Amino acid sequence: MKIDFIGKRKIYYIISLIVVIAGIVSMVTRGFEMDIELVGGTIIEAELGQTYENADIVDLVKEVTGSTPRVQKMGNNVEAQTGVSISTAELTEEQKEQILTKIAEKYAIEDINAHSTFRTVSAAFGSEMSSRAIKAVIVAVILIMLYIAIMFKALSGLSAGV
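Every value quoted in this text rests on a predicted model; they were computed, and no experiment measured them. (Residues numbered from 1 in each chain as written. Predicted model: local features only at pLDDT ≥ 70, side-chain atom pairs only at ≥ 80, totals over all residues. Heavy atoms only, no water.)

Asker: So what exactly am I meant to see when it comes to the overall build of the protein chain here?
Answerer: Along the backbone of the protein chain there are five helices and four strands. Start at the N end of the protein chain and walk to the C end: the helices and strands fall as α-α-β-α-β-β-α-β-α. Referenced to the eigenvectors of the C-alpha coordinate spread, the extents of the protein chain come out at roughly 80 × 40 × 30 Å. A total of 162 residues make up the protein chain; the buried ones form 22% of that total. By sequence separation, contacts in the protein chain at least 24 residues apart represent 69% of the contacts at least 6 residues apart. With an accessible surface of roughly 11,800 Å², the protein chain has 63% of that area assigned to carbon and sulfur atoms. (Helix = DSSP H or I, 4+ residues; strand = E, 2+ residues; numbered from the N terminus. Buried < 20%, exposed > 50% of the residue type's maximum accessible area, 1.4 Å probe, protein only. Contact = heavy atoms within 4.5 Å. Areas by Shrake-Rupley, 256 points an atom, 1.4 Å probe, with all protein chains shown as cover.)

Quick look at the structure:
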């Protein structure tokens, strides 16, 4: 079975172009959902001691902050993950306490502060990471192009000598 790749190259060019255009349109229209590590905010992690629905935690946090947080289940047992990680915009100490109080009431946790951690991530850290990542991509592209140029020059030189 022989496939005429060269004869059908225009079809492959068109397919590649469609995929590239779809990717660009997707980036422009949907944008990127940046993680809290890049944009800054607050992460609350708590051990509830029982299973829960993410939507319930989202509703509790939304009552306090007015915005929708990112909620993830945590734990070693896939069937019964009892830990929660809540990522949201930067919270005040009062908002943090309100959220933990609501969670403690809903899930009957006596000392929620002993079973939770709270940390604020700086947006400055995220912008530094982003700029470093962009620089790394630029350096990688330059090095790859340099490698390809050297290899083609070496290969064409070898074939010319044969």
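Asker: Even after reading the chapter, I still don't get the layout of surface pockets, so can you show me in this structure?
Answerer: Left-over empty space is what a probe sized like a water molecule reveals as it rolls over the atoms. There is about 180 Å³ of room inside the largest pocket. Together, E33, M34, D35, I36, V39, G40, T68, P69, R70, S87, T88 and A89 line the largest pocket. Elements represented by at least two residues in the lining of the largest pocket include exactly α2 (36-39) and β3 (83-88). Residues of the lining of the largest pocket, tallied by class, amount to five nonpolar, four polar and three charged. (1 Å grid on protein atoms, 1.4 Å probe; cavity = no way out; pocket = protein on both sides within 12 Å on 5 of 7 lines; lining within 4 Å. Points joined across faces, edges and corners; volume = space filled by probe spheres on them. Nonpolar A, V, L, I, M, F, W, Y, C, P; charged D, E, K, R; others polar.)

Asker: Hey, could you run me through a nonpolar patch on the surface in this one?
Answerer: Residues V139, L143, I144, L146, Y147, I148, I150, M151 and F152 make up a contiguous nonpolar surface patch of roughly 910 Å² in combined accessible area. With respect to the helices, strands and loops of the structure, M151 is situated in helix α5 (residues 123-161). (Patch = residues over 30% accessible without salt bridge, like charges linked within 9 Å, V, L, I, M, F, W, Y side chains within 5 Å. Salt bridge = Lys/Arg side-chain N within 4 Å of Asp/Glu carboxyl O.)

Asker: Would you take a moment to explain the side chain of T88 for this structure?
Answerer: Summarising the element assignment, T88 is placed in strand β3. Other than its neighbours up to four places away in sequence, T88 contacts I36, G41, T42, S67 and P69.

Asker: Would you take a moment to explain the sheet that holds strand β4 (residues 116-121) for this structure?
Answerer: With antiparallel pairing, the four strands of this open sheet are ordered in space as β2-β3-β1-β4. Only two strands of the sheet have a single neighbouring strand rather than two, namely β2 (70-74) and β4. Averaged over all neighbouring strand pairs, the angle between strand axes comes to 15°, with direction disregarded. (Pairing = 2+ DSSP bridges. Axes fitted to C-alpha atoms, helices over the stretch in contact; angles between N-to-C directions.)

Asker: What should I look at first to understand the nonpolar core in this one?
Answerer: Nonpolar side chains in soluble globular proteins tend to end up buried together. Grouped together as the largest cluster of nonpolar side chains are 20 residues, with contacts concentrated most on L48, I57, V84 and I103. Those elements that place two or more of their residues in this core are β1 (41-47), α3 (54-65), β3 and α4 (93-106). At five residues, the largest contribution of residues to this core is made by α3. Setting aside its immediate chain neighbours within four residues, I103 contacts L48, L60, I86, I109 and I112. (Core = buried A, V, L, I, M, F, W, Y, C linked by side-chain atoms within 4.5 Å.)

Asker: Please clarify how α4 should be interpreted in this entry.
Answerer: In an α-helix, one full turn covers 3.6 residues, which means residues spaced three or four apart are oriented alike. Look at α4: 20 Å from first C-alpha to last across 14 residues, which is about the 20 Å you get at 1.5 Å a residue. Those residues of α4 that are buried are in contact with β1, α3, β3 and β4. Backbone geometry just after α4 places A108 at a positive phi near 50°. (Expected span 1.5 Å × (residues − 1).)

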